[in-house]
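Tertiary structure, described
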There are 2 protein chains.
Amino acid sequence: MISVEKALQIVLNSTQRFGVEEIPFLKSVGRVLKEEVLADRDFPPFNRVAMDGIAIDFFQFKKGQRAFTIAGIQAAGSVQITLQNPLGCMEVMTGAVLPNNTNTVIRYEDVMLENGIATITIEAIVEGQNVHARSKDGRCGDLLIHKNTVLSAAEIGVLATVGKSFVKVAKQPKVMIVSTGDELVGVAEIPLEHQIRRSNVFTLVSLLERLHISSKTAHITDDKSILKSKIKSYLKAYDVLLFSGAVSKGKYDFLPEVFEELGVEKLFHKVAQRPGKPFFYGQTNTCSVFGFPGNPISTFVNCLVYFYPWYQKSVGFEVEEETAVLGEDVHFRPNLTYFLQVKLENKKGRIVASPISGNGSGDLASLVNTDAFIQFPDDKSELKKGEIFKIIRYRKF
Amino acid sequence: MISVEKALQIVLNSTQRFGVEEIPFLKSVGRVLKEEVLADRDFPPFNRVAMDGIAIDFFQFKKGQRAFTIAGIQAAGSVQITLQNPLGCMEVMTGAVLPNNTNTVIRYEDVMLENGIATITIEAIVEGQNVHARSKDGRCGDLLIHKNTVLSAAEIGVLATVGKSFVKVAKQPKVMIVSTGDELVGVAEIPLEHQIRRSNVFTLVSLLERLHISSKTAHITDDKSILKSKIKSYLKAYDVLLFSGAVSKGKYDFLPEVFEELGVEKLFHKVAQRPGKPFFYGQTNTCSVFGFPGNPISTFVNCLVYFYPWYQKSVGFEVEEETAVLGEDVHFRPNLTYFLQVKLENKKGRIVASPISGNGSGDLASLVNTDAFIQFPDDKSELKKGEIFKIIRYRKF
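No experiment lies behind these values; they were computed from the predicted model shown. (Residues numbered from 1 in each chain as written. Chains lettered and ligands numbered in written order. Predicted model: local features only at pLDDT ≥ 70, side-chain atom pairs only at ≥ 80, totals over all residues. Heavy atoms only, no water.)

**Considering the overall build of chain A**
Basically, it comes down to this: Note on conventions: DSSP H or I runs of at least 4 residues are helices, E runs of at least 2 residues are strands, and numbering of each starts at the N terminus. The reference for a compact globule is 2.2 Å times residues^0.38; the radius of gyration itself is calculated from the C-alpha atoms. Each residue's exposure class comes from its accessible area (1.4 Å probe, protein chains only) as a fraction of the maximum for that residue type: buried when under 20%, exposed when over 50%, partly exposed otherwise. For this analysis, residues touch if any pair of their heavy atoms sits within 4.5 Å. The sign given to each residue is positive for Lys and Arg and negative for Asp and Glu; His and the chain ends receive no count. Lys charges are placed at NZ, Arg charges at CZ, Asp charges at CG and Glu charges at CD.
Counting its secondary structure elements, chain A contains seven helices and 28 strands. Whereas a compact globule of 397 residues would reach a radius of gyration of roughly 21 Å, chain A reaches 31 Å, over 25% beyond that. Here chain A, with 397 residues, has 55% of them falling under the buried criterion. Partitioning the intrachain contacts of chain A with sequence separation of at least 6 by distance along the chain shows that 71% fall at a separation of at least 24. In chain A, which carries 47 positive and 44 negative side-chain charges, the distance between the mean positions of the two groups comes to 4 Å.

**Observations regarding the packing of aromatic side chains**
Residue and element names in this part refer to chain A. Put simply, the test is: Within 6.5 Å between ring centres, the rings of Phe, Tyr and Trp (the latter by its six-membered ring) count as paired, and their orientation is classed by plane angle as stacked under 30 degrees, edge-to-face over 60, tilted in between. By the criterion adopted, a ring carries a charge over it if an Arg CZ or a Lys NZ lies within 6 Å of its centre and within 35 degrees of its normal.
This model, assessed by the stated rule, comprises 48 aromatic pairs over all chains. Centre to centre, the rings of Tyr234 and Tyr238 are 6.1 Å apart; their planes meet at 75°, and the pair counts as edge-to-face. Taken as a pair, Tyr234 and Tyr238 share a single burial class, namely buried. By way of ring pairs, the aromatic residues Phe18, Phe268, Phe279, Tyr281, Phe290, Phe292, Tyr306, Phe307, Trp310 and Tyr311 are connected into one cluster. One residue, Arg66, lies across the ring of Phe61, its end atom 3.7 Å from the ring centre.

**Looking at the interface of chain B and chain A**
For interface size, the figure often reported is the accessible area lost on association. Heads up, the condition is: Any pair of N or O atoms that falls within 3.5 Å is considered a polar contact. Within protein, one atom must be able to donate a hydrogen and the other to accept it, and sequence-neighbouring residues count only if both atoms are side-chain atoms. Nonpolar residues are Ala, Val, Leu, Ile, Met, Phe, Trp, Tyr, Cys and Pro. Charged residues are Asp, Glu, Lys and Arg, and all others, Gly as well, are polar.
Contacts between the two partners involve 93 residues from chain B and, on the opposite side, 93 residues from chain A. Along the contact surface separating chain B from chain A lie 32 residue pairs in polar contact (both at pLDDT 80 or more). If you list the elements that add at least two residues to the side of chain B that touches chain A, you get β11 (143–145), α3 (153–161), β15 (196–197), α4 (200–209), β22 (322–326), β24 (337–347), β25 (350–355) and β28 (388–393) of chain B. With eight residues, the top contributor of residues to the side of chain B that touches chain A is α3(B). Taken together, the residues of the side of chain B that touches chain A sort by class into 43 nonpolar, 21 polar and 29 charged.

**Some thoughts on the sheet that holds strand β16 (residues 215–220) of chain A**
All names here are of chain A. Condition: Strands are labelled as partners when DSSP assigns at least two bridges between them. Fitted lines through C-alpha atoms give the axes, limited to the stretch in contact for helices. The angle between two N-to-C directions lies from 0 to 180 degrees.
The six strands lie next to each other as β16-β13-β17-β21-β20-β18, forming an open sheet whose pairing is mixed. In the strand order of this sheet, the two ends are held by β16 and β18 (265–269), each with one partner. The average undirected angle you get between the axes of adjacent strands in this sheet is 20°. Across five bridges, strand β13 (residues 175–180) lies against strand β17 (residues 240–244) in parallel orientation. By the bridge assignment for β17, Met176 is matched with Leu241. Against the sheet, helix α1 (residues 4–12) contacts β18, β20 (280–283) and β21 (288–292), and its axis sits at roughly 155° relative to β18. Across the face of the sheet, helix α7 (residues 296–315) comes into contact with β17, β20 and β21 while running at roughly 160° to β21.

**A look at the sheet that holds strand β8 (residues 111–114) of chain A**
Residue and element names in this part refer to chain A. Sheet architecture is open: six strands sit in the order β7-β4-β6-β5-β9-β8, paired in mixed fashion. Lying at the two open borders of the sheet, with one neighbouring strand each, are β7 (104–107) and β8. For this sheet the average axis-to-axis angle between neighbouring strands, irrespective of direction, equals 40°. Here strand β5 (residues 67–74) runs beside strand β9 (residues 117–120); their pairing, made up of three bridges, is antiparallel. In the sheet register, Thr69 faces β9, and the bridge partner there is Ile117.

**Points about the packing of α1(A) against α7(A)**
Relative orientation and spacing of two packed helices are given, respectively, by the angle between their axes and the distance between those axes. Residues and elements named next belong to chain A. What counts, and what does not: Whether a crossing is left-handed or right-handed is set by the direction in which the near helix is turned from the far one by less than a right angle, anticlockwise for left-handed and clockwise for right-handed.
Two elements in contact, α1 and α7, have axes separated by 9 Å at closest approach and are oriented at 35°. When the axes of α1 and α7 are compared, the crossing they make is right-handed. Of α7, the residues touching α1 (which contributes Val4, Ala7, Leu8, Val11 and Leu12) are Val305, Tyr306, Pro309, Trp310 and Lys313. Across the contact of α1 with α7, the residue classes break down as nine nonpolar, no polar and one charged.

**As for the state of the cysteines**
To keep things clear, this is the line we draw: Disulfides are defined in this document as cysteine sulfur pairs within 2.5 Å.
Throughout the structure, instances matching the rule amount to zero disulfides over all chains. Cysteine A:Cys303 is unpaired, with the sulfur of A:Cys287 as its nearest cysteine sulfur at 15 Å.

**Details of the UniProt feature "domain: MoaB/Mog" (unreviewed entry) in chain A**
This is how the line gets drawn: UniProt positions are given in the numbering used here, feature names are shortened, and annotations may be inferred rather than shown by experiment.
The UniProt record annotates "domain: MoaB/Mog" (unreviewed entry) at residues 176–313 of chain A. Across residues 176–313 of chain A, the secondary structure splits into 36% helix and 26% strand, with the terminal C-alpha atoms separated by 19 Å.

**Digging into the relation of the copies chain B and chain A**
Filter applied, for reference: Here the copies were fitted onto each other by least squares, based on C-alpha atoms from residues at pLDDT of at least 70 in both.
Rotating chain B by 180° and translating it 0.0 Å along the rotation axis places it on chain A, where the RMSD comes to 0.0 Å. One copy is carried onto the other by what is essentially a two-fold rotation axis. When the interface residues of chain B are mapped onto chain A, 100% of them are again interface residues, pointing to one common binding face.

**A closer look at the pairing of β20(A)**
Residues and elements named next belong to chain A. The side-chain alternation of β20 yields two buried faces, one formed by Phe280 and Gly282 and the other by Tyr281 and Gln283. Across four bridges, the pairing between β18 and β20 is antiparallel. Paired with Lys266 across the strands is Gly282, a residue of β20. Bridging between β20 and β21 involves four bridges; their strand directions are antiparallel. Note on β21: the bridge partner recorded for Phe280 is Gly291.

**A few points about the domain arrangement of chain A**
Formally: These domain boundaries are the output of an automatic or database domain assignment.
Assigned domains of chain A: these are domain 1 (4–18 + 172–315), domain 2 (21–38 + 146–170), domain 3 (48–132) and domain 4 (322–393). Averaged C-alpha coordinates put domain 2 of chain A and domain 3 of chain A at centres separated by 38 Å.

**Focus on the environment of B:Glu189**
Residues and elements named next belong to chain B. One can find Glu189 in the loop between β14 (184–185) and β15. On the basis of relative accessible area, Glu189 is assigned to the partly exposed category, the value being 44%. Each C-alpha atom, one on Glu189 and one on Ile145, is 49 Å from the other, the two residues being 44 residues apart in sequence.

Structure, rendered in structure tokens:
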């Protein structure tokens, strides 16, 4: 049995690469950028009018002129026009090119318009005001979005602006999620007294969707030869296999021996943690195998603690560790790393994590009422209110 | 011009209801539950074996017996069997029904198996151990997931367990996102000198996808009669219209007058904030109209600050306010609420928000390098490091 730290290190030292694909930019949210996105022109690409109003040659204002004859209108989306007479002005619209021979924009609020003449009504005018100068935001060729950025709505506008209608991103892994256990029936079925419905595979599907990974699911009966032949084909067809159940000591927990017979190299089996101790991790040359214990919380926490960072490192993005302040004392005796469900609250900028206890609801709904796991180290049994620990969120994100 | 607080209050007092629909449970992540989810049976539904090992009648152990003849195997998914001879034991697998006439499970690690006899090798056995008692996690009829819960992977397993293959959720609004502005060309086009590419509508599409809302987009030329006829039909066909641009004082900013002519009741136009001051908000009996200013950051912040809470209240979930510690002094003179892009860092459980400054990158890429807006109140101009302010995240969530 190895420690959580050692297990995570082994997982992170065995990442894969799934390659790169080019997809429509509007489908790229949540994906990891695999190219540098550069400015394709200066931004703004021209001296851009930043307020609706009039454009003048500031030199005339400085000389004392206040009334300017309107010579025309420069609309957004029109070719740049020229102010021929420096004593005149142009009406200009936000987003338009600043007319030739002008350099300063006075907004409509500070101008009186009458009989084709614009009279400036304030004195506080600064040369160049309300003009968003060409290339102020960036020059053609500037790096706008770094490679390995996780794309979000904040990047979508930049991609559109520079014309990246297609964008290179990390391919997602091909994932098969397998449940085992003859006690399991389908969600739409009525279980017999000794049966329960399949649920962990669907939890895993949802946890992977959060990472924008789509996955397949299968159920295999507790029959060693069937398990072996199906898993053999899955190992060839997928980058990742996630299992829920059949990795412990039961008579029908065939998975570890099936993996061995199929040439899956065992990297570890059993981690000094609660929940989720009998976790199996191994791989072939092309496929990584995560054997999660069948308890719902075990499957959930192992997916977050091991699969998530494995995937994130595989596609190339770093995740910052998040910490929180423990909201009440916790006592935990065994020499195991302890992942405990907590509710999170933001109290004046501090994240406070409070264990949910005393409702007797057990495992079934305990994830429903909580937001994260807090991770307690294996060498402490008295965890004190106010101490800082790592958290792993599954909600409010 | 009204304050941000007043504007938000008006927005939140004019929410809509979009109705309820029943959808496959696996598609329900991110949606708002519109029914109570109850336990359909006791959980566990039977006295459930919690460890692989042997099941005995504890009374025999107490009397001093240590070697038990194995009478059979109770596998997970099998009908409950009965231990006929109280001096014997049953091998039992995790997830199985506890055999009749047994009450205690000893894990394989603490048993020696030889010639069909299991000998218990430790003395610390407690009656009822390693049995997950029927109904310990919940009784048939217990409330497991509250109405108005935002469903996540944590709920998916519970929905599956209780057989909710379909689930009632709030319907999403039908949304049309409209750009205006003759300077705009398509993302895949090469703009002329005085043109730029459409980007805000795509940012809005992505911001709405974060809420699991799919939307349509359209571009309308700066022609009042065309605007009027198209918007007239959109007002009938959609629950929400989002506009980017054409709400300010420009000669071609037709939207406010078109809205008035089409019977859109103006609830406010202009909010005392930076950025995004010329924000228009109005509605008809069936449609809410958000007219965001055309600047990319203005559109982005207004969508997060007004549309998000409007939608969230409409479908029935409460959002907790999040706060952070300001990482450095900020000076801001105008009497406006100020939304400033910040990078977030988790420092020992505290969320520290640091404004990005001094890189001169302007608007174009400023959202790319930041995680949230911090909201400074309109009555303070000196914001001090260490003070707590509201934040609105758009990343790391």
